[in-house]
Amino acid sequence: MMKARFAGLGAIGALVGLSTGCGFEKSVYDIEMNEAELSAVPYVCDNGREGVGRAWDVSSQQRWTITAGERSDTRIEVPGFFRALLHGYTDVPIETPFVLNGTSSESGPYQFVDLNSETFDDIGGGTTVQRFFIEGDSLEADRIKGFVDVRTTAVSEDFKNVTCTHWVSFTGRRVD
């Protein structure tokens, strides 16, 4: 009788181990950015201004890799031109992937965020937040969709600030 109990507990333990040990590890997606939005990026500002801004000089076809972190978090690796174009970094080659930390891999939607602050010659400064947002409940889905947005807050010397958000939508197909 004791052997049967221990055997049953062993089977339950193995099942629990399998269910908690498995999970999201890595997905690779071929991404298609919305070309119309890339050529005239829509924006809206908190002061009521809205319209379209300059084109983003990024490829409409890309490959993104999403991996699990060590603590149920996630990371996304996107082409380096996102770092160079939207943050103005010139000290890192464009060929170097841009890696952003993200939210939990447990359930969606998923967000990956980068923050950059600058000061401009004692007359003000600004903050740029770049976010990759993926809708849905799984990072292992065959298809994903979402948007990339860039939120900038400019602070002038008289401490007036305006926040504007630019965005481009995308769709993706899982390839790995």
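All of these numbers come straight from a predicted model, not from anything done at the bench.

### Points about the pattern of salt bridges
This model, assessed by the stated rule, comprises 5 salt bridges. In this structure, Asp30 and Arg173 form a salt bridge, with 3.4 Å as the shortest nitrogen-oxygen distance. Separated by 143 residues along the polypeptide, Asp30 in strand β1 (residues 26-33) and Arg173 in strand β10 (residues 161-174) bring together distant segments of the chain. In this structure, the salt-bridge partner of Arg71 is Glu70, at a minimum N-O distance of 3.6 Å. When salt bridges with common partners are traced through the structure, they connect Asp30, Arg63 and Arg173 into a single cluster.

### Examining the state of the cysteines
Enumeration over the complete set of coordinates arrives at 1 disulfide. Paired by a disulfide, Cys45 and Cys164 hold their sulfur atoms 1.9 Å apart. Looking along the S-S bond of the Cys45-Cys164 disulfide, the torsion reads about 105°, which is the right-handed sense. Of this pair, Cys45 sits in strand β2 (residues 42-45) while Cys164 is found in strand β10, placing the two residues 119 residues apart along the sequence.

### Remarks on the environment of Ala40
Its place among the elements puts Ala40 in the loop between α2 (35-39) and β2. It is 9.4 Å that separates the C-alpha atoms of Ala40 and Val168, two residues lying 128 residues apart in sequence. When residues no more than four places from it in sequence are discounted, the contact partners of Ala40 are Val52 and Gly53.

### Let's talk about the confidence of the model for the protein
Any segment with low pLDDT has predicted coordinates that should not be analysed in fine detail. With 77% of its residues at a pLDDT of 70 or more, the protein has an overall mean of 81. Every residue in residues 1-21 scores below 50 in pLDDT, and together they form 0 contacts with partners more than four places removed in sequence or on other chains.

Thresholds, definitions, all that
- Residues numbered from 1 in each chain as written.
- Predicted model: local features only at pLDDT ≥ 70, side-chain atom pairs only at ≥ 80, totals over all residues.
- Heavy atoms only, no water.
- Salt bridge = Lys/Arg side-chain N within 4 Å of Asp/Glu carboxyl O.
- Helix = DSSP H or I, 4+ residues; strand = E, 2+ residues; numbered from the N terminus.
- Disulfide = S-S within 2.5 Å.
- Contact = heavy atoms within 4.5 Å.
- pLDDT = per-residue confidence, 0-100.

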